[in-house]
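Each chain, written out:
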Amino acid sequence: MATAEEKYTLITRDLQEVLDGDIIQKVLAEGRTPKCYWGTATTGRPHVGYLVPLSKMADFLQAGVEVTILLADVHAFLDNLKAPIELVNQRAKFYEMLLHAVFSSLGIPVDKLKFVLGSTYQLSKEYNLDQYKLCSMVTEHDAKKAGAEVVKQVDNPLLSGLLYPGLQALDEQYLDCDFQFGGVDQRKIFTFAKEYLPKLGYRQRGHLMNKMVPGLAGGKMSSSDPNSKIDFLDTPDIVKKKIKSAFCEEGNVTDNGLLAFIRAVAIPIARLHAERGDGIRPWAPEDAPAGTVYTVPRNEKYGGPMHFPNYEALEKAFADKEIHPGDLKAAVQSTLLKLLEPIRRAFDSNPEFQEVERLAYPPPEALSKKKKEKTYHPPPPGKGKNVSTAPPPGPATGAVDGIADALDNTKITPDS
């Protein structure tokens, strides 16, 4: 039986930052079960960056934490219409089915996780009254500042985007959690919740933040930028293409999305298997030395495969230019294909999953290339190419003259 201190260490390991961890420590010291919530706005297609928080759920469950997964459908609509209202419901279903597949592939028991759809309580009278109370105390400046790293920033922001931080703060109360978990990009919203929930008479919560995985070309890996990310349902050919074009400068360990992926995703998953004692070393061949957590394959003429007992050793070898960028790309490509294969298999074998995906992300309608029809506009009287120099006849005279000319040119025969 783990002690309260051991559970806290497990809950907080590998995180970038912890705010008010003493709140969690107090819950553990009192022998109570900590409650956590992690939310995701159901907007674009989820990508492999989600593996950072999702794999961390294993630590929470091992420490006895009650974990709630919030499918934030209302947030998705409010965030500058990232998810059109007519697609929100289908996207929430898709997220839930996909997250189930990911958790299953990681060996994380889904039955220990609680999934909640935001609109099941965010449209209630009580929740909306609290939202109005927040609106009466929060300035436009504070709301915009809180959502700066999360809400899509545009020149002419919609009012809906300013409501986003308030909803996320209220979720802590209405989901009855002791701490909220999210990426470090959520920090400003977390400090917003820390400040404003007590002003509504609600208790303050703790906040845990994981590292963010950089995009393939640097910057943040984002659901709205297809070139920065690898989706869970990307085909092997697409994965290979994206990895091939990823930024990976020789010796550069600072701005390197591939190394960051190994550190934040691959190594924790390898450790997860080691702690389970299942004998699986997912990123090392059978003949790798004991203790190997990651192997970078290389051609024998360049020294053969390199085996590493931890991330630090791998990063040093790359910084010292002992690993060529091409070899690192090949290693990460192999890791990704192995990670995504069971998820893709779950999708391909489930017609309902496929139908939900089709409805959630319908293909863009092909633009019909219709030839523009020319409309004839007759010139005004006295204008145009064939204008006579003689004065134009009056309407009645002109009509009679036209009929007379037609009769003069008509030949009458006995058969007519």
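This text follows the structure it describes.
First things first, this report covers the structure right here in the doc.

Each value, and the rule that gives it
Residues numbered from 1 in each chain as written. Predicted model: local features only at pLDDT ≥ 70, side-chain atom pairs only at ≥ 80, totals over all residues. Heavy atoms only, no water. 1 Å grid on protein atoms, 1.4 Å probe; cavity = no way out; pocket = protein on both sides within 12 Å on 5 of 7 lines; lining within 4 Å. Points joined across faces, edges and corners; volume = space filled by probe spheres on them. Helix = DSSP H or I, 4+ residues; strand = E, 2+ residues; numbered from the N terminus. Buried < 20%, exposed > 50% of the residue type's maximum accessible area, 1.4 Å probe, protein only. Phe/Tyr/Trp six-rings, centres within 6.5 Å; stacked < 30°, edge-to-face > 60°. Salt bridge = Lys/Arg side-chain N within 4 Å of Asp/Glu carboxyl O. Expected span 1.5 Å × (residues − 1). Axes fitted to C-alpha atoms, helices over the stretch in contact; angles between N-to-C directions. Parallel < 35°, antiparallel > 145°, perpendicular 65-115°, else oblique. Left-handed = near helix turned anticlockwise from the far one by under 90°. Contact = heavy atoms within 4.5 Å. Nonpolar A, V, L, I, M, F, W, Y, C, P; charged D, E, K, R; others polar. Pairing = 2+ DSSP bridges. Right-handed = clockwise from strand over helix to strand, strands pointing away.

Estimated volume of the second largest pocket: approximately 430 Å³. Lining the second largest pocket are 22 residues, with Asp14, Arg263, Ala264, Pro268 and Arg271 positioned closest to its centre. Those elements giving two or more residues to the lining of the second largest pocket turn out to be α3 (51-62), α11 (257-276) and α12 (311-319). It is α11 that contributes the most residues to the lining of the second largest pocket, eight residues altogether.

Mapped onto the elements, Pro342 comes out in helix α13 (residues 325-348). Pro342 sits in the partly exposed class, given a relative accessible area of 22%. The spacing of Pro342 and Ser105 is 237 residues in sequence and 6.1 Å in space, taken between C-alpha atoms.

Turning our eyes to something else, we now look at the packing of aromatic side chains. According to the stated counting rule, one finds eleven aromatic pairs in the structure shown. Pairing Phe94 with Phe353 gives two aromatic rings, centres 5.9 Å apart and planes at 55 degrees, and the pair type is tilted. With a gap of 259 residues between them, Phe94 in helix α5 (residues 85-105) and Phe353 in helix α14 (residues 351-360) connect regions that are remote in the sequence. For Phe94, a relative accessible area of 1% corresponds to the buried category.

Where side chains of opposite charge bring their charged atoms close, a pairing between them can arise. Tallied over the entire structure, the rule returns 21 salt bridges. A salt bridge links Arg13 to Glu275; the shortest N-O distance between them is 2.8 Å. Separated by 262 residues along the polypeptide, Arg13 in the loop between α1 (4-12) and β1 (17-19) and Glu275 in helix α11 bring together distant segments of the chain. By relative accessible area, which is 39% here, Glu275 ends up partly exposed. Taken together, the shared-partner salt bridges in this structure form one network comprising Arg13, Lys56, Asp59 and Glu275.

A word on unusual backbone geometry. With phi around 60 degrees, Asp20 is a residue other than glycine that occupies positive phi space. Positionally, Asp20 belongs in the loop between β1 and α2 (21-29). Here Asp176, not a glycine, exhibits a phi torsion of approximately 55 degrees, which is positive. Note that Asp176 resides in the loop between α8 (159-174) and β5 (179-183).

Helix length check: α8, at 16 residues, gives a terminal C-alpha distance of 23 Å against a target of 22 Å (1.5 Å per residue), a fit within 8%. Directly after α8, the chain includes Asp176, whose backbone phi takes a positive value near 55 degrees.

Turning next to the packing of α3 against α5. Their axes nearest at 10 Å, the elements α3 and α5 cross at an angle of 55 degrees. What the angle tells us is that α3 and α5 run oblique. At the point where α3 passes α5, the crossing takes the right-handed sense. Taken together, the residues of α5 that come into contact with α3 (itself represented by Leu51, Leu54 and Met57) are Leu99, Val102 and Phe103. Looking at the contact of α3 with α5 residue by residue, the classes come out as six nonpolar, no polar and no charged.

Moving on, we get to the pairing of strand β6 (residues 206-210). Taking burial as the measure, the five residues of β6 include five buried ones, the bulk of the element. Here β6 shows a buried face lined by Gly206, Leu208 and Asn210 and a second buried face lined by His207 and Met209. Where β1 meets β6, three bridges bridge the pair, whose relative direction is antiparallel. Each bridged residue has a counterpart across the sheet, and for Glu17 the counterpart in β6 is Met209. Sheet analysis places β5 next to β6, joined by five bridges and oriented parallel. Bridge pairing links Gly183 to Asn210 in β6. In this fold, the crossover linking β5 to β6 by way of helix α9 (residues 187-196) has right-handed handedness.

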